[in-house]
Amino acid sequence: MSVILCTAGYDHTIRFWEALSGICHRTIQHPESQVNRLCISPDKRYLAAAGHQKVKLFDIRSSNPSPVMTFAGHTGNVTGVTFHCEGKWMVTCSEDGWVKVWQTKDGSIQRSYDHGIPVNDVVIHPNQGEVIACDRGGNVRIWDLGENKCTHQLVPEEDVSVSSVTVASDGTLLCAGNNSGNIYVWRMLQNRDITSLIPVTSFQAHNAYVTRVLLSPDVRHLATCSADHNARIWSVDPAAPHIVKGNENLPTERKPGAFPLESSLESHQRWVWDCAFSADSAYLVTASSDHYARLWELGTQAVIRQYNGHHRGAVCVALNDYSER
């Protein structure tokens, strides 16, 4: 299976899709709760599904519908999950206010970091030594795993929930999106083992909540998803042309350094919750409360496949189409 594509949401099912045909070839029931986030391990062996208080690990290569491991330790909805680059450990965040680092081989908790307020998203820095999380209080915090402490606390807007964070695959950029529809961007500099953050720009991406931000693997594009029913693609090159046609509700005046709008993906009928880039950064999959996931070709802005089968909102998607090493 060179391409693994999964979606899940409020209908308590996880669906595996043939990406090109749009056929659902496997369904896993998740009866205990809705599924909030999905993540595929780098070796394509396991799928982590974050639900209420727990993360379940499923064997992708097996037909067994039961999880091979359950990570229990949170007391609220698990809102984020991501794997170490070799799959040796996993990081989660939760509405209970905690970020936790787990050993994947035995499910033990190695680190716990307290935000004191519901945490919305978490990512691992490519250096594998830092974890970046954002919360409902408006904070973006960087946790140093070696020092076992918070080394940076960023507050883009006081008391405005930061819903999502993303870090560039080369470790150069950090982006965050919030409930005001705004995006904040920092340059990340590594000097020996010390990370420095330099504000680059901020701009309004949507007129409603930003639900997800995601930098493309080639670090040339930023995808944003929103409660305004749209996903948008922004150029990381601030000198690129800005597309406003058909998006008159977006401000035409741009701040210096603001990311130009490349395309607006507008066929969903309800909130767009999540997205995932293909490995070559040429395609994007989106998941929406309208029950559908869609595969977009970014060059033409066309929907080339729609994934039908969820009976309630599809709120998370995971895609791994990286070539086998």
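If you're wondering where the values come from, they're calculated on a predicted model, not measured in any experiment.

1. Some points on the sheet that holds strand S9 (residues 98–103)
And then number 1: In spatial order, the strands read S4-S5-S6-S7-S8-S9-S10; together these seven strands make up an open sheet with antiparallel pairing. Either end of the sheet is taken by a strand with one partner, and the two such strands are strand S4 (37–40) and strand S10 (109–114). Neighbour-to-neighbour, the strand axes of this sheet turn through a mean angle of 30°, independent of strand direction.
And then number 2: The pairing of strand S8 (residues 89–94) with S9 spans five bridges and is antiparallel. Opposite Val 91, over in S9, you have Val 101 as the bridge partner.

2. Side note on the pattern of salt bridges
And then number 1: On inspection of all chains with the given rule, the structure shows eleven salt bridges.
And then number 2: For Glu 32, the salt bridge identified is with Lys 54, shortest N-O distance 3.4 Å. Here Glu 32 is found in the loop between strand S3 (24–29) and S4, whereas its partner Lys 54 is found in strand S6 (residues 52–59), with 22 residues between them in sequence.
And then number 3: Taking relative accessible area as the criterion, Lys 54 reaches 29% and is therefore assigned partly exposed.

3. Some details on the environment of Thr 75
And then number 1: Along the polypeptide, Thr 75 turns up in strand S7 (residues 69–83).
And then number 2: Classification of Thr 75 as exposed rests on a relative accessible area of 60%.
And then number 3: Residues Thr 75 and His 52, 23 residues apart in the sequence, show an inter-C-alpha distance of 8.0 Å.
And then number 4: Among all residues touching Thr 75, those that are not within four sequence positions of it are Gln 53 and Asp 96.

Rules and cut-offs
- Residues numbered from 1 in each chain as written.
- Predicted model: local features only at pLDDT ≥ 70, side-chain atom pairs only at ≥ 80, totals over all residues.
- Heavy atoms only, no water.
- Pairing = 2+ DSSP bridges.
- Helix = DSSP H or I, 4+ residues; strand = E, 2+ residues; numbered from the N terminus.
- Axes fitted to C-alpha atoms, helices over the stretch in contact; angles between N-to-C directions.
- Salt bridge = Lys/Arg side-chain N within 4 Å of Asp/Glu carboxyl O.
- Buried < 20%, exposed > 50% of the residue type's maximum accessible area, 1.4 Å probe, protein only.
- Contact = heavy atoms within 4.5 Å.

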